[in-house]
Amino acid sequence: MQRIVMAALLAGALSGIAAFALHIWQTTPLILHAEVYEAGQPAPAGGHSHGHSHGAAQPHSHAAPAVAANAGPQKISDDPARHALTLGADLVAAIGFAFLLVGAMALSGRAVDWQRGIVWGLCGYAAFYVAPSLGLAPELPGMVAAELAARQTWWLATAVAAIVALGLIFFAPGALWKAVAALLLVAPQAFGAPHPVMEAGNVPAELAAQFATASLVVTGLFWMVLGGLGGYFYQRFAPTA
């Protein structure tokens, strides 16, 4: 137990700091930019009309961008308290995910090093980010979204289904279990993620697409770092004979 705790705490803390740096570099500027649009009024009909997830190009009117031109996005260095909260949230989330990941490594009973740890991290990335994002794309402030409880329930069900499916793929022998795993991966997407009735939003589709891409890369790097560090520290703290 001490081995799991030490490995998870160290891997989580270091990967949380790495996640914070990646967020400040890539996603925070986009969030600050989107908050300018969130404070404005929706674009008039025939102007900038953007759906929640389709991101289709629409006829241009400069009414919504005028809000950004007048207010201007906040600088990253303007709000240190906000960044302290972001760092705290990244650390808490990373340590929580680290306990799940290192605990899974321990339960598997297999040898783990930093290289195998990266594979474990990529599995976590697939379960906790890629699978849910197929139905619910990352959202910026000002974007139209379905009810929070419905989104959280679908996200949790999708992540659990993906975790079980990956476990069956890697640890359960036989074609039958592989078929069950495939059904578990498809079922949440077939059921469908909750989405609101389409309506005009303030955030430009280009900004939303840029944020989705940045989130995809940043989260993938985070899980690779977490997995590599988790595997390294789990091996490092192995009891000596």
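Residues numbered from 1 in each chain as written. Predicted model: local features only at pLDDT ≥ 70, side-chain atom pairs only at ≥ 80, totals over all residues. Heavy atoms only, no water.

Peer 1: An account of the overall build of the protein chain is needed here, citing residue identities and associated values.
Peer 2: Regarding its fold elements, the protein chain presents seven helices and zero strands. When the helices and strands of the protein chain are listed from N to C terminus, the series reads α-α-α-α-α-α-α. Here the protein chain holds 241 residues, and 37% of them are scored as buried. Across the protein chain, contacts joining residues at least 24 apart in sequence account for 83% of those joining residues at least 6 apart. On the protein chain, roughly 13,000 Å² of surface is accessible, and the fraction owed to carbon and sulfur atoms is 69%. (Helix = DSSP H or I, 4+ residues; strand = E, 2+ residues; numbered from the N terminus. Buried < 20%, exposed > 50% of the residue type's maximum accessible area, 1.4 Å probe, protein only. Contact = heavy atoms within 4.5 Å. Areas by Shrake-Rupley, 256 points an atom, 1.4 Å probe, with all protein chains shown as cover.)

Peer 1: Can you explain the confidence of the model for the protein chain? Please cite residues and give values.
Peer 2: Of the residues in the protein chain, 80% reach a pLDDT of 70 or more, and the chain-wide mean stands at 83. Per-element averaging of pLDDT across the protein chain places helix α2 (residues 63-71) at the bottom with 39 and helix α4 (residues 114-133) at the top with 96. Here residues 41-71 is modelled with pLDDT under 50, and outside its nearest four sequence neighbours on either side it reaches 49 contacts, counting other chains as well. (pLDDT = per-residue confidence, 0-100.)

Peer 1: Lay out the environment of A165 in plain terms, naming residues and giving numbers.
Peer 2: Topologically, A165 is positioned in helix α5 (residues 148-171). With relative accessibility at 0%, the residue A165 sits in the buried group. Separated by 19 residues in the primary sequence, A165 and L184 place their C-alpha atoms 6.0 Å from one another.

Peer 1: Could you give me a rundown of the nonpolar core, with the residues and numbers involved?
Peer 2: Core analysis: the largest hydrophobic core is formed by 25 residues, its most contacted members being L101, F222, W223 and L226. Mapped onto this core, the elements with two or more residues apiece are α1 (2-39), α3 (80-108), α4, α5 and α7 (205-236). Examining the composition of this core, we find that seven residues originate from one element, α4, more than from any other. Setting aside residues up to four positions removed in sequence, L101 forms contacts with W120, G121, W223, L226 and G227. In this structure, Y37, L140, L207 and A214 belong to the second largest nonpolar core, which totals eight residues. (Core = buried A, V, L, I, M, F, W, Y, C linked by side-chain atoms within 4.5 Å.)

Peer 1: Give me the lowdown on the packing of aromatic side chains, citing residues and values where you can.
Peer 2: In total, this model carries nine aromatic pairs according to the counting rule given. Residues Y125 and Y129 carry aromatic rings whose centres are separated by 5.7 Å and whose planes lie at 10° to one another, so their mutual orientation is stacked. Placement of both Y125 and Y129 in helix α4 is noted, with a separation of four residues, approximately one turn of the helix. For the pair shown, Y125 and Y129 are each scored as buried. Between Y232 and F233, the aromatic rings sit 5.1 Å apart at their centres with planes inclined by 70°, giving edge-to-face as the arrangement. Judged by its relative accessible area of 12%, F233 is buried. (Phe/Tyr/Trp six-rings, centres within 6.5 Å; stacked < 30°, edge-to-face > 60°.)

Peer 1: Hey, could you go over the environment of V217 for me, with residue numbers and the actual values?
Peer 2: Mapped onto the elements of the fold, V217 is located in helix α7. Using a relative accessible area of 46% as the deciding quantity, one classes V217 as partly exposed. Sequence separation of V217 and Q26 is 191 residues, and the distance between their C-alpha atoms is 9.3 Å.

Peer 1: With reference to specific residues and values, describe the packing of α4 against α7.
Peer 2: Here α4 crosses α7 at 140°, and the two axes come no closer than 6 Å. Accordingly, the angle class assigned to the pair α4 and α7 is oblique. The hand of the α4/α7 crossing is right-handed. Residues W114, G117, I118, G121, L122, G124, Y125, F128 and Y129 of α4 touch α7, and the partners they reach there are A212, S215, L216, T219, G220, W223, M224, G227, G228, G231 and Y232. Residue composition of the contact of α4 with α7, by class: eleven nonpolar, nine polar and no charged. (Axes fitted to C-alpha atoms, helices over the stretch in contact; angles between N-to-C directions. Parallel < 35°, antiparallel > 145°, perpendicular 65-115°, else oblique. Left-handed = near helix turned anticlockwise from the far one by under 90°. Nonpolar A, V, L, I, M, F, W, Y, C, P; charged D, E, K, R; others polar.)

Peer 1: Requested: an account of the pattern of salt bridges, with residues and values cited.
Peer 2: Applying the stated rule across the entire model yields three salt bridges. Note that D113 is salt-bridged to R116, the shortest N-O span being 3.3 Å. Residue D113 is classed as buried on the basis of its relative accessible area of 14%. Exposure remark for R116: the relative accessible area of 44% places this residue in the partly exposed category. (Salt bridge = Lys/Arg side-chain N within 4 Å of Asp/Glu carboxyl O.)

Peer 1: Residue-level account of the environment of G124, with values.
Peer 2: By the secondary structure assignment, G124 is in helix α4. Its relative accessible area of 7% is what places G124 among the buried residues. Sequence-wise, G124 and M224 are 100 residues apart; in three dimensions their C-alpha atoms are separated by 9.0 Å. Those residues in contact with G124 that lie beyond four places of it in its chain are Y129 and W223.

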